[in-house]
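Breakdown of the fold
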Amino acid sequence: MAARLPRRLAWLTVGALALVMTLGNIVSATGSGLGCPDWPLCHGRVIPPGGAEIWIEFRHRLAVPLFSALLVATAVVTWRRAAAPALRRLAAALVGLLVVQIALGGVTVLLRLPVPVRATHAVVGYALWALLVWIAVRAGAWRGVAEGEPSNTKVVFQATAAPQHSIGPE
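Residues numbered from 1 in each chain as written. Predicted model: local features only at pLDDT ≥ 70, side-chain atom pairs only at ≥ 80, totals over all residues. Heavy atoms only, no water.

With respect to the overall build of the protein
When you go through the protein residue by residue, the secondary structure sums to four helices and zero strands. Listing every helix and strand of the protein by position from the N terminus yields α-α-α-α. By residue count, 36% of the 170 residues in the protein fall in the buried class. Summed over all atoms, the accessible surface of the protein reaches about 10300 Å², with 68% contributed by carbon and sulfur. (Helix = DSSP H or I, 4+ residues; strand = E, 2+ residues; numbered from the N terminus. Buried < 20%, exposed > 50% of the residue type's maximum accessible area, 1.4 Å probe, protein only. Areas by Shrake-Rupley, 256 points an atom, 1.4 Å probe, with all protein chains shown as cover.)

What about the nonpolar core?
In terms of nonpolar packing, the biggest core is built from 24 residues, with L17, F67, L71, L94, L128, L132 and I135 touching the most fellow members. When residues of this core are assigned to their parent elements, the largest contribution, eight residues, is made by helix α1 (residues 5-30). L132 has contacts with T13, V14, L17, F67, L71, T74 and L94, leaving out every residue within four places of it along the chain. (Core = buried A, V, L, I, M, F, W, Y, C linked by side-chain atoms within 4.5 Å. Contact = heavy atoms within 4.5 Å.)

Concerning α1
Spacing of three or four residues puts side chains on the same side of an α-helix, whose turn is 3.6 residues. Taking 1.5 Å of rise per residue, 26 residues should cover 38 Å, and α1 covers 37 Å from first to last C-alpha, within 8% of that figure. Along α1, the positions that sit buried rather than exposed are P6, L9, A10, T13, V14, A16, L17, V20, M21, L23, G24 and V27. Following α1 by one or two positions, G31 has its phi on the positive side, about 70°. (Expected span 1.5 Å × (residues − 1).)

Remarks on unusual backbone geometry
Here W39 and P40 are connected by a cis peptide whose omega angle stands at 10°. Among the structural elements, P40 can be located in the loop between α1 and α2 (52-81). Positive phi values are uncommon outside glycine, yet L113 reaches one of about 65°. Residue placement: L113 occurs in the loop between α3 (85-110) and α4 (115-147).

Points about the side chain of T13
Summarising the element assignment, T13 is placed in helix α1. By relative accessible area, T13 is classed as buried at 0%. At 2.8 Å, the side chain of T13 and the backbone oxygen of L9 are in polar contact. Not counting the four nearest positions on each side in its chain, T13 is found in contact with F67, L70, L71, T74 and L132. (Polar contact = N/O pair within 3.5 Å; in protein donor to acceptor, adjacent residues only side chain to side chain.)

Notes on the environment of V137
When you line up the elements, V137 lands in helix α4. With a relative accessible area of 44%, V137 lands in the partly exposed category. Sequence separation between V137 and A10 is 127 residues; the distance between their C-alpha atoms is 8.6 Å. Discounting residues that sit within four places of it in the chain, V137 has contacts with R7 and W11.

Digging into the environment of V20
With respect to the helices and strands, V20 occurs in helix α1. Residues contacting V20, with those up to four places away along its chain left out, are H60, A63, V64 and F67.

Focus on the confidence of the model for the protein
Predicted coordinates in areas of low pLDDT are best not read in detail. For the protein, the average pLDDT comes to 86, and 80% of its residues sit at 70 or higher. Looking over the protein, one finds the lowest element-wise mean pLDDT in α4, namely 84, and the highest in α2, namely 96. Counting interchain partners and residues more than four positions distant, the pLDDT-below-50 stretch residues 143-160 has 16 contacts. (pLDDT = per-residue confidence, 0-100.)

Quick look at the packing of α1 against α2
Between α1 and α2, the shortest axis-to-axis distance is 8 Å and the interhelical angle comes to 155°. It follows that α1 is roughly antiparallel to α2 by the angle criterion. Helix-helix and strand crossings are classified by hand; for α1 and α2 the assignment is left-handed. (Axes fitted to C-alpha atoms, helices over the stretch in contact; angles between N-to-C directions. Parallel < 35°, antiparallel > 145°, perpendicular 65-115°, else oblique. Left-handed = near helix turned anticlockwise from the far one by under 90°.)

Structure follows, in structure tokens:
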């Protein structure tokens, strides 16, 4: 069970990011980006007043802490268990990108949705997604090493002779 934790945690984090990004896309598609016109609060409150635009934006904000906690947990587990320095650097990069992404989310609202900031916010989200998927896929490679199990990430191909078929009568 412990051997599966890194992979499951990483994929759970990918799923949480998919939720956050979907909610962000709904915010954009519905024009609800300023449903909460201030940041980090919403209309100066922890729990905002009612209204469709407000709640569309606020749901996106509510999903972020869950995702953030999962991302930090994934980074910590990766940092502790991965033997490869590259994976450890990716774990550190995840946390750094998370900080940048949260700041961009705030700046997006505070500057009233400028397109370059919104675009950068989206690009950083995709970068987070790519790094998380990479770590989730690679988790199988270092899982076996950490737990003394065989790794299932190597595929061995053997060359075999193609069957000989004749086209005409022999």
